[in-house]
Each structure stands twice: as structure tokens, then as C-alpha cells.
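Residues per chain, in single letters:
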Protein chains: 2
Amino acid sequence: MTYDSAFSALACGTRRAILRDLAGSAKTVGLLAQTLPVSRPAVSQHLKVLSDAGLVTVTPKGTRNLYALNPQGLAQVRAYLDEMWSDALTAFAAAAQDMAQETPSNDEN
Amino acid sequence: MTYDSAFSALACGTRRAILRDLAGSAKTVGLLAQTLPVSRPAVSQHLKVLSDAGLVTVTPKGTRNLYALNPQGLAQVRAYLDEMWSDALTAFAAAAQDMAQETPSNDEN
DNA sequence: TCTTACGGTAAGTAATGACTTACGATTCTG
DNA sequence: CAGAATCGTAAGTCATTACTTACCGTAAGA
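Starting from 1, residues in each chain are numbered consecutively following that chain's sequence as written. Chains and ligands are labelled sequentially in the order written, the chains with letters from A and the ligands with numbers from 1. Per-residue local features of the predicted model are confined to residues with pLDDT of at least 70, and side-chain atom pairs are confined, for both listing and counting, to 80 or more; whole-chain, interface and lining totals are unaffected and use all residues. Only hydrogens and water are set aside; all other atoms, that is, all heavy atoms of the structure, feed into the side-chain values.

Concerning the pattern of salt bridges
Line of reasoning, step 1. In what follows, salt bridge is the name for a side-chain nitrogen of Lys or Arg lying within 4 Å of a carboxyl oxygen of Asp or Glu. Evaluation of the coordinates by the stated rule reveals six salt bridges over all chains.
Line of reasoning, step 2. With a shortest N-O distance of 3.2 Å, Lys 48 of chain A and Asp 52 of chain A are connected by a salt bridge. Note that Lys 48 of chain A and Asp 52 of chain A are positioned in helix α4 (residues 40-52) at a spacing of four residues, about one turn of the helix. The two residues Lys 48 of chain A and Asp 52 of chain A agree in class, both being exposed.
Line of reasoning, step 3. Here Asp 82 of chain A and Arg 78 of chain B are joined by a salt bridge, their closest N and O atoms 2.6 Å apart. A residue pair is termed interchain when its members come from two chains, as with Asp 82 of chain A in helix α5 (residues 71-102) and Arg 78 of chain B in helix α5 (residues 71-102).
Line of reasoning, step 4. Any residue under 20% of the maximum accessible area for its type is buried, any over 50% is exposed, and the rest in between are partly exposed; the area is computed with a 1.4 Å probe on protein chains only. On the basis of relative accessibility, which here comes to 28%, the residue Asp 82 of chain A falls in the partly exposed class. Secondary structure elements follow DSSP: runs of H or I of four or more residues count as helices, runs of E of two or more count as strands, with numbering from the N terminus.

Given below as C-alpha cells:
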């Protein structure tokens, strides 16, 4: 999994809709296509993107393929944002402190 | 902020590099462009995308513009993934339970 | 075996995206 | 006021993407 592939996968609304559908339970391609406003091949292509990004898993069941969310992939993306978020907070706090030091208690304008 | 704009913004490596640069402290456009392998106008365009996505804030300082991470925007994206992640875990657990019920202690194949 | 269901892939298209260089607007400085 | 610095925007280009229809392989059922 790369951050490029993961975030690119999440950038498309159709793929996020697919993930939302899979959040309840694992589903086949045709079943997903029925609830979506795009063709079945389109769903198939989206699922390949999601699979390459490590966000979903596939398990063949006879002639049909069962797709499910991959908690590991989601966890990695989550971890990335967690780190950046904490950095943002510390930088935010540092900036606030700098601001306070520039105008210490009395503002001279 | 829309999830479309936020994830699309995060999908580009150059923009993630910009966010990483901003994680330390707020910076100007030219300063960011110096450390990146793209032109300054490119950085300016990326910053507009990040700003529209709510991931970055701007504060004009004379002729230069100071860009900083926006913790709120990052928090929203984080919340989205958090929800989907928990759903993925419950679905995962439910699938495991179904699997166990289909082959109860002895597997008949 | 023949047929049917299911799904991946090929090929083509219209739209979007990530860049570049060139230019214009605005604000400090001498 | 003149010049320089900083930045946003316009315009153009090449690559990628999100779809479509058409086709092919493969597993289940009569």
C-alpha cells in the first residue's frame, strides 16, 4: 500500500460509496452494482483500485467474488492522518505562543 | 470542506510534501517552493487546492502569504476514517462469526 | 455437454489534473 | 515616486481517470 494509491482511491465518490456499502457486510460485484448509478464493469474497475490500495479484500466463491473492507489498510491511512494531526496541533500551539510573545499583554498599535 | 476535495487534495504526493513542510511551522509560498522540485506557481496552485479543501489556512503578511496546517480540516478527515474503520471491524467480526457457524467445530468437506 | 450466470479485461472517449512559462497586481524599500 | 520582491492567475500541454460498450474466460446447473 502507498499513500498515493490509498488517498487516490478514497478521492472518488463512487469508491467511497462502495466502501460504505461494504461497511455493513461483504458483497459481490453484481450486488454492489445494483445499488450504484454506474455499470458493473465500472464497479469492477473501482474494486481493483481499492484492492490495489489495500482497502478491500477479495475471496472467490465459485463464480462470484466476495469483496470486504480491509481493516489493516484503513488503519494505515488513519495512522498517517493521526501523525500529521498531532504535528498540526503542536505547530498550532507554537504559533500561538509566538503570537503571544510578539504582543506581550499590551498591544502597541 | 467535502470529502471529495479533502481526499483529492491528499492524493497528490507534492501536496502531501507541502503538508509535511507545514507540519513544523507556517511558511511562505516561496520558502515552500525552494524545498520542492516544482515551480513556485505550481506550489501556489497546490496551496489553493489545500486551502479549498480546508486543510490549510492563509494569513497575509504584507506582500507575502503565510500558510499553515488547519487542524480542523485534518480532524474531519480523521473522523471519516475512524467511523469507517470501526464499521470495518464490526463487519469483520460478524464475518468471522458467520464463518464459525458455517463450520461448527468440525468441518464437513 | 450445453447453457446460463458472474465477473474481469480491452478499447475508446470526455473530463480532470499536475505541471510549465508568461503576465499582472500589490506591497515594502530606497 | 521608481524599482524590487512576492504572489496569484491565465493559457497551454501531456498524462491520468472515470466512465461506457463489447468481448472472453470460468464455474455452476439442467
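Details of the sheet that holds strand β1 (residues 27-28) of chain B
All names here are of chain B.
Line of reasoning, step 1. Should DSSP find at least two bridges between two strands, the strands are regarded as paired. Reading across from one edge, β1-β3-β2 is the order of the three strands in this open sheet, with antiparallel pairing throughout. A single partner strand is all that each edge strand has here, and the edge strands are β1 and β2 (56-61).
Line of reasoning, step 2. Pairing geometry for β1 and strand β3 (residues 64-69), over two bridges, is antiparallel. Residue pairing across strands places Thr 28 opposite Leu 66, the latter belonging to β3.

A closer look at the nonpolar core
Line of reasoning, step 1. Of all hydrophobic cores here, the largest spans 56 residues; its most connected members are Leu 69 and Leu 81 of chain A together with Leu 81 of chain B.
Line of reasoning, step 2. Excluding residues within four positions of it along the chain, Leu 81 of chain A makes contact with Phe 7 of chain A together with Leu 10, Leu 74, Val 77, Arg 78 and Leu 81 of chain B. Take the buried residues of types Ala, Val, Leu, Ile, Met, Phe, Trp, Tyr and Cys, join any two whose side-chain atoms come within 4.5 Å, and each joined set is a nonpolar core. Contacts between residues were defined by any pair of non-hydrogen atoms, one from each residue, lying within 4.5 Å.

Points about the protein's contact with DNA strand C
Line of reasoning, step 1. One heavy atom within 4 Å of a molecule or strand is enough for the residue carrying it to be called near that molecule or strand. Around DNA strand C, the structure places 23 residues, and the nearest of them are Ser 44 and Asn 65 of chain A together with Arg 15, Ser 39 and His 46 of chain B.
Line of reasoning, step 2. Each atom of DNA strand C within 4 Å of the protein was assigned to sugar, phosphate or base; sugar and phosphate come to 64%.
Line of reasoning, step 3. Counting only elements with at least two residues in the surface near DNA strand C, the list comes to α3 (29-35), α4 and β3 (64-69) of chain A together with α2 (13-24) and α4 (40-52) of chain B.
Line of reasoning, step 4. When residues of the surface near DNA strand C are assigned to their parent elements, the largest contribution, five residues, is made by α4 of chain A.
Line of reasoning, step 5. Nonpolar residues are Ala, Val, Leu, Ile, Met, Phe, Trp, Tyr, Cys and Pro. Charged residues are Asp, Glu, Lys and Arg, and all others, Gly as well, are polar. Among the residues forming the surface near DNA strand C, the class breakdown is seven nonpolar, 12 polar and four charged.

Notes on α4 of chain A
All names here are of chain A.
Line of reasoning, step 1. Taking 1.5 Å per residue as the helical rise, α4 with its 13 residues ought to reach 18 Å, and the 18 Å between its terminal C-alpha atoms agrees with that figure.
Line of reasoning, step 2. The complete set of buried residues in α4 reads Ala 42, Val 43, His 46, Leu 47 and Leu 50. Along the long axis of α4, the arc covered by the buried residues comes to 135 degrees, so they all point the same way. Of the exposed residues in α4, the ones pointing more than 90 degrees away from its buried face are Gln 45, Lys 48 and Asp 52. The span expected for a helix works out to 1.5 Å for each residue beyond the first. Of all possible arcs, the one meant is that of the directions from the helix axis to the C-beta atoms.

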